[in-house]
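Here's the letter readout for the chains.
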Amino acid sequence: ALFRLLPLAVSELKRLFGEQGIADHVEVALSAGAALGSAENPGDVALLLDYRVCHVLVDEMQDTSSAQYRMLEALTGGWSRDDKRTLFCVGDPMQSIYLFREADVGLYLRVCQRGLDSLPMERVLLHTNFRSVSPLVEWSNETFAGLFPASEDEVLGAVRFSAASAFDCTEAEAPVSVHCF
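Counting restarts for each chain, with residues numbered from 1 along the sequence as it is written. In view of the model being predicted, local features appear only for residues whose pLDDT reaches at least 70, and side-chain atom pairs are presented and counted only at 80 or more, with totals across whole chains, interfaces and linings using the full set of residues. Excluding hydrogens and water, the side-chain figures rest on all heavy atoms present in the structure.

1. Topic: the overall build of the chain
Link 1 in the chain: Numbering of helices and strands starts at the N terminus; helices are DSSP runs of H or I of at least 4 residues and strands are runs of E of at least 2. Within the chain one finds six helices and four strands.
Link 2 in the chain: What you see in the chain, going N to C, is helices and strands ordered as α-α-α-β-α-β-α-β-α-β.
Link 3 in the chain: Dimensions of the chain, computed from C-alpha atoms along their principal axes, come out at roughly 60 × 50 × 30 Å.
Link 4 in the chain: Whether a residue is buried, partly exposed or exposed follows from its accessible area with a 1.4 Å probe, protein chains only, as a fraction of its type maximum: under 20%, in between, or over 50%, in that order. Counting the 181 residues in the chain, one finds 23% classified as buried.
Link 5 in the chain: Contact definition: two residues touch when any of their heavy atoms are within 4.5 Å. Sequence separation of at least 24 residues holds for 72% of the intrachain contacts in the chain that already meet a minimum separation of 6.
Link 6 in the chain: Split by element, the accessible area of the chain, about 13,100 Å² in all, is 59% carbon and sulfur.
Link 7 in the chain: In this tally, Lys and Arg are treated as positive and Asp and Glu as negative; His is ignored, and so are the chain termini. The location of each charge is read from NZ of Lys, CZ of Arg, CG of Asp or CD of Glu. Taking the average location of the 14 positive side-chain charges in the chain and that of its 26 negative ones, the two points are 8 Å from each other. Only the protein chains shown count as cover for residues, with accessible areas throughout obtained via the Shrake-Rupley method and a probe of 1.4 Å.

Written out as structure tokens, the structure reads:
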């Protein structure tokens, strides 16, 4: 029954969006994806942007969904290593928290390991923590290192622990205290 009902509900939602001149985040993303097409079959918007977009920055890459990943592929589909265009992705796989909205940290790992289609990527690991004092960073390293797997797995979305070192070496007493009840 849901397979018959869902297309009708989607049609009604699109009709209401059109009548009221509104859209939700999902509709905006779907429309953008449709306008871009795919890397193999780019849409008119992708072809137009191909001449204008030279540099793309993706922040929080670890929280990219499959739909967002396909849009990125479509946007950079015609790019090559030597054409002076750049793709810069920033992410921390240990901070991937948006699985509930279909983020897939495995996509981040795929880009790190194999690049994005024909675009090779250079992975740069940053280890310095500028936000916390040394005792807190050391406590975090000791406490959380054992919670992560020993190796990365793109399919499982498994990321290994990456220890940090504090920029601020100020000593602090009892940086963390745990009160169980």
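2. Quick look at the nonpolar core
Link 1 in the chain: For the purposes of this section, nonpolar cores are sets of buried Ala, Val, Leu, Ile, Met, Phe, Trp, Tyr and Cys residues that join through side-chain atoms within 4.5 Å. Residues Met61, Leu72 and Leu87 are the most contacted members of the largest nonpolar core, which totals 16 residues.
Link 2 in the chain: Elements supplying a minimum of two residues to this core: β1 (55-58), α4 (66-76) and α5 (105-114).
Link 3 in the chain: The contacts of Leu87, once residues within four sequence positions are left out, are Val56, Val58, Leu72, Trp79, Leu116, Leu119 and Met121.

3. A word on the environment of Gln68
Link 1 in the chain: Relative to the elements of secondary structure, Gln68 occurs in helix α4.
Link 2 in the chain: Residue Gln68 is classed as partly exposed on the basis of its relative accessible area, which comes to 36%.
Link 3 in the chain: Considering only alpha carbons, one finds Gln68 and Pro7, 61 residues apart in sequence, at a separation of 23 Å.
Link 4 in the chain: Apart from the residues within four sequence positions on either side, Gln68 is in contact with Asp63 and Arg101.

4. A look at helix α1 (residues 2-20)
Link 1 in the chain: The span you would expect from a helix comes to 1.5 Å times its residue count less one. Here α1 is 19 residues long and its end C-alpha atoms lie 26 Å apart, about the 27 Å a rise of 1.5 Å per residue gives.
Link 2 in the chain: Taken from the residues just after α1, Gly21 is the one with a positive phi, measuring 65°.

5. A short note on the packing of aromatic side chains
Link 1 in the chain: Here a Phe, Tyr or Trp ring, Trp counted by its six-membered ring, pairs with any other such ring whose centre lies within 6.5 Å, and the pair is stacked when the planes are under 30 degrees apart, edge-to-face when over 60, and tilted otherwise. Enumeration according to the criterion identifies four aromatic pairs in this entry.
Link 2 in the chain: When the ring of Tyr98 is compared with that of Phe100, the centres are 5.5 Å apart and the planes differ by 50°; the resulting orientation is tilted.
Link 3 in the chain: Overall, the relative accessible area of 32% leaves Tyr98 in the partly exposed class.
Link 4 in the chain: Exposure remark for Phe100: the relative accessible area of 67% places this residue in the exposed category.
Link 5 in the chain: With a centroid separation of 5.0 Å and an interplanar angle of 40°, the aromatic rings of Phe130 and Phe167 are classed as tilted. Separated by 37 residues along the polypeptide, Phe130 in strand β3 (residues 128-133) and Phe167 in strand β4 (residues 165-168) bring together distant segments of the chain. Each member of the pair, Phe130 as well as Phe167, is classed as exposed.

6. Describing the packing of helix α2 (residues 25-36) against α4
Link 1 in the chain: Interhelical geometry of α2 versus α4 gives an angle of 30° and a closest axis separation of 9 Å. The orientation of α2 with respect to α4, classified from their angle, is roughly parallel. Between α2 and α4 lies a crossing whose hand is left-handed. Note on element contacts: α4 touches α2 through Met71, Ala74 and Leu75, opposite Ala29, Ala32, Gly33 and Leu36.
Link 2 in the chain: Looking at side-chain class alone, the contact of α2 with α4 contains six nonpolar, one polar and no charged residues. Axis lines are fitted through C-alpha atoms, for helices just across the contact stretch, and the angle between N-to-C directions can take any value from 0 to 180 degrees. Just so you know how the angles are binned, under 35 degrees is roughly parallel, over 145 roughly antiparallel, 65 to 115 roughly perpendicular, and the rest oblique. The sense of a crossing depends on the near helix, which, turned anticlockwise from the far helix by less than a right angle, makes the crossing left-handed and, turned clockwise, makes it right-handed. Under the grouping applied here, Gly and all other residues not named as nonpolar or charged are polar, the nonpolar ones being Ala, Val, Leu, Ile, Met, Phe, Trp, Tyr, Cys and Pro and the charged ones Asp, Glu, Lys and Arg.

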